[in-house]
Amino acid sequence: MSLVLPASTRLGMVAILLLVLVPQVQAHNRSQSYSTWNIAGNTVDLVFTVKAREVTRLPPIEGGLLTLEALLTKHIEATARVSSQDGASCVQRGQPRALAAAEGYLRVQVAFACKSGPPSALLLDSFFAIAPSHVHYARVLGDGNLPEEYLFTDSRREHAIVAPSSAFDNVFRGFLQYLTLGVEHILGGIDHLAFLAALLVLVRNLRDLFWIVTGFTVGHSITLSLAVLGHLALELWVIEALIGFTIALVAADNIGLATGRRPLISLVTAVVLLALGLVSLVWGIGLPFLTLAGLAVFTVAYMAFPAAQAQALGLRPALTLAFGMVHGFGFANVLVETGLPDERLFVALAGFNIGVELGQLAVVALLWGLIHWLSRIVSSRSYQNGLDTLSACLCGLGVFWFVSRGLVQV
């Protein structure tokens, strides 16, 4: 005798299973670091910044280093290099030293002297051996030129220092650097891609797709600009937790519309959020109580009443606009950490935002094409089951990120 479980139960089991299988997924907390290279004549001064938790991934060094600062200092000393125009390696000047850093971060300073001429190339092998997906954002200043930005990855560990031939060339190259940075950021941000995937599950025509993409674009462009310009500042760990919530709620709404149980899902979600708020209020653990209470009220207001898919899609652009503003703060973190050049702030901000849009449109086009291709080659029942399973997986992933990021503040 076979046991047949209801569809909603099967979806719930898939979501729970996903929570068990993804404990190492960090998404927006991906491995990344930042640096500033100051060039003056034949000398280079490097300041390397990275989150402290990244340093814990480094293998222990012989000699029994007792602090993360000492471990990072030894690592940067061994993996950062500068070469001069004749290809000779520049020598380190003095001993590398740890600098004061913001909470949760470590900073190391290393100086180089090039004996055979001005520096011509920067080489960085830091963290790539232990994290091939590591991304490093570098800013190069000096000798009267406007700042240049470089992106170091596992496949691109060396950059030649190219002086711009004109002011226009400098601005254009800077724009392309930040545009590339924006594309790389969204394509490497699994949580942003998961949010887009959750949004596309219910979309059936290009008109709905246009308004949803527009809502996300407008939303994240507003907060990205305000945060980078210094008009708004929120705790990064809170933003990262809220990004997880946006994924979970959209995916849960997809499931609620498929099963006709939106009110039940909203009620359960609100109760869980208020329980987490009580924990925060009494024990001081997790997100602030008012934040969790606000999310509970928002969830009930949005999902408490049954609705047809057409009605739900009518509200999706507004929901996407609001949630896009949350993701905009996440995008802004990269620019805030690397530092924007004051002398071409608008160019850098525009380049990064356009890069994000190009990456976003590429992902949407790919997912949209894949969804429609699958709708033509499988039965309607299998197609719907596949979309429901995808929503359940995304919901589980969003819940995991929301809870884990909300509990870990560093």
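Colleague: Help me get a handle on helix 7 (residues 236-259), residues and values and all.
Modeller: Compared with an ideal rise of 1.5 Å per residue, which puts 24 residues at 34 Å, helix 7 spans 35 Å between its outermost C-alpha atoms and is within 8% of the ideal. For helix 7, the buried fraction is high: 22 of the 24 residues fall into the buried class. Downstream of helix 7 by one or two residues, Gly-260 has phi in the positive range, about 75 degrees.

Colleague: Could you give an account of the nonpolar core, with specific residues and numbers?
Modeller: Counting 74 residues, the largest nonpolar core has Leu-181, Leu-224, Leu-335, Phe-352 and Phe-402 as its most contacted members. The leading source of residues in this core is helix 7, at 14 residues. Counting 28 residues, the second largest nonpolar core, distinct from the first, contains Ala-80, Cys-90, Ala-138 and Phe-152.

Colleague: Tell me about the pairing of strand 8 (residues 135-142), residues and numbers included.
Modeller: A large share of strand 8 lies buried, amounting to 6 of its 8 residues. Direction of pairing for strand 1 (residues 32-40) relative to strand 8: parallel, over a ladder of 8 bridges. Note on strand 8: the bridge partner recorded for Thr-36 is Arg-139.

Colleague: Please set out helix 6 (residues 206-228) residue by residue, giving values where relevant.
Modeller: In an α-helix, one turn spans 3.6 residues, which is why side chains three or four residues apart end up on the same side. For helix 6, spanning 23 residues, the distance from its first C-alpha to its last is 32 Å, which sits close to the expected 33 Å at 1.5 Å a residue. In this structure Asn-205 caps helix 6, since a side-chain oxygen of it lies 3.2 Å from the backbone nitrogen of Arg-207. Backbone geometry just after helix 6 places Gly-230 at a positive phi near 85 degrees.

Colleague: Talk me through the environment of Leu-46; I want residue IDs and the actual numbers.
Modeller: Relative to the elements of secondary structure, Leu-46 occurs in strand 2 (residues 43-51). Sequence separation between Leu-46 and Pro-96 is 50 residues; the distance between their C-alpha atoms is 9.6 Å. Those residues in contact with Leu-46, other than ones at most four positions away along the chain, are Ser-35, Thr-36, Trp-37, Ile-76, Ala-80, Val-108, Gln-109, Val-110 and Phe-112.

Colleague: Could you give an account of the side chain of Thr-153, with specific residues and numbers?
Modeller: With respect to the helices and strands, the residue Thr-153 is situated in the loop between strand 9 (145-152) and strand 10 (158-160). Non-local contacts of Thr-153, meaning those with residues more than four positions away in its chain, are made with Phe-128 and His-134.

Quick notes on the rules
Residues numbered from 1 in each chain as written. Predicted model: local features only at pLDDT ≥ 70, side-chain atom pairs only at ≥ 80, totals over all residues. Heavy atoms only, no water. Helix = DSSP H or I, 4+ residues; strand = E, 2+ residues; numbered from the N terminus. Expected span 1.5 Å × (residues − 1). Buried < 20%, exposed > 50% of the residue type's maximum accessible area, 1.4 Å probe, protein only. Core = buried A, V, L, I, M, F, W, Y, C linked by side-chain atoms within 4.5 Å. Pairing = 2+ DSSP bridges. Polar contact = N/O pair within 3.5 Å; in protein donor to acceptor, adjacent residues only side chain to side chain. Contact = heavy atoms within 4.5 Å.

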